[in-house]
Structures are given as C-alpha cells and as structure tokens.
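Next come the chains, spelled out residue by residue.
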Amino acid sequence: QVQLVESGGGLVQTGGSLRLSCAASGSIFSINLMGWYRQAPGKQRELVAHIISGGSTRYADSVKGRLTISRDNAKNTVYLQMNSLKPEDTAVYYCKVIARKVFTTIDYAYWGQGTQVTVSA
C-alpha cells in the first residue's frame, strides 16, 4: 500500500505564509505526479498545483505568483509554499500522488487525508 502523510496546515492572517508537506511511503516503485488540491465548504475539489517527475509544474490561475510547488524525489515528498495568503485560500488541502507500486505495471492515484488551511481577514 501507499501512504501519504500531510502536515503544515493551520491558521494564518491575510498576507501570511504557510508551507505544506506531503510524504509518500510504502511499496513505491516510481512516482509520476505529485500535487495539491483543495476543497472549500460548498465547493468542488479543485487543482492547486502539481509537479510531474520531470519537474514540469502546473498551477491554478488563482494561485500563480503566490504558491510554489516543489518535490524532493529522494524523500518522495512534495511541498507547497504558500505566500501572500488570502481568505479565499481557506480550504482543506489534499495531497495527490500518482504512483506505481513495486512488481506492478499500472499507476494509481492516492490521496492524503487533508489538512485545513484557514486565512483570516
């Protein structure tokens, strides 16, 4: 099995910063994609940012220039540095990993348990 452990959420004032981390562990052969999604109350889950194995990144327009995704391949960990936070960034943030387990040939998507980020006005 593949386990994802998220950390770094919390309460911050407008304009503040937080750093989220998500570490993947288990019988992992390779990780193709690591990313962050978020879901605010009453809204659908949406992509925040992802990074693929080659290092290419994709961001939601609403976070460009403020949030930065990075990964440490040696640690199977993805980070989300969040600066200049706004109240509309308030949501539960979920880590997503697309990985291949050892002795398999199929990639699967795995999700973290979510971490709350609250930005006060």
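Quick note: structure is the one above.
Below or above, wherever it landed, is the structure these notes cover. (Residues numbered from 1 in each chain as written. Predicted model: local features only at pLDDT ≥ 70, side-chain atom pairs only at ≥ 80, totals over all residues. Heavy atoms only, no water.)

Attention shifts here to the pattern of salt bridges. Summed over the entire model, instances satisfying the criterion amount to 5 salt bridges. A salt bridge links Lys64 to Asp61; the nearest nitrogen and oxygen atoms lie 3.1 Å apart. With a relative accessible area of 64%, Asp61 lands in the exposed category. Residue Asp107 pairs with Arg100 through a salt bridge whose shortest N-O separation is 2.9 Å. You can call Arg100 partly exposed: its relative accessible area is 26%. Each of Arg38, Glu46, Arg66 and Asp89 takes part in one network of salt bridges that share partners. (Salt bridge = Lys/Arg side-chain N within 4 Å of Asp/Glu carboxyl O. Buried < 20%, exposed > 50% of the residue type's maximum accessible area, 1.4 Å probe, protein only.)

Turning next to the pairing of strand β9 (residues 91-101). Here strand β4 (residues 28-39) runs beside β9; their pairing, made up of 10 bridges, is antiparallel. Within β9, the position partnered with Ile28 by the bridge is Lys101. Strand direction decides the pairing type here: β9 and strand β11 (residues 115-120), joined by 3 bridges, are antiparallel. Residue pairing across strands places Val92 opposite Gln116, the latter belonging to β11. (Pairing = 2+ DSSP bridges. Helix = DSSP H or I, 4+ residues; strand = E, 2+ residues; numbered from the N terminus.)

Moving on, we come to the sheet that holds strand β3 (residues 18-26). Spatially, 4 strands are ordered β1-β3-β8-β7 in an open sheet, and the strand pairing comes out antiparallel. Both outer strands of the open sheet, β1 (2-7) and β7 (67-72), are each paired with one neighbouring strand and no more. Each strand axis lies, on average, 15 degrees off the axis of its neighbour in the sheet, ignoring direction. Two strands pair when backbone bridges link them, and β7 and strand β8 (residues 77-82) are joined in this way by 6 bridges, in the antiparallel orientation. By the bridge assignment, Arg71 is partnered in β8 with Val78. (Axes fitted to C-alpha atoms, helices over the stretch in contact; angles between N-to-C directions.)

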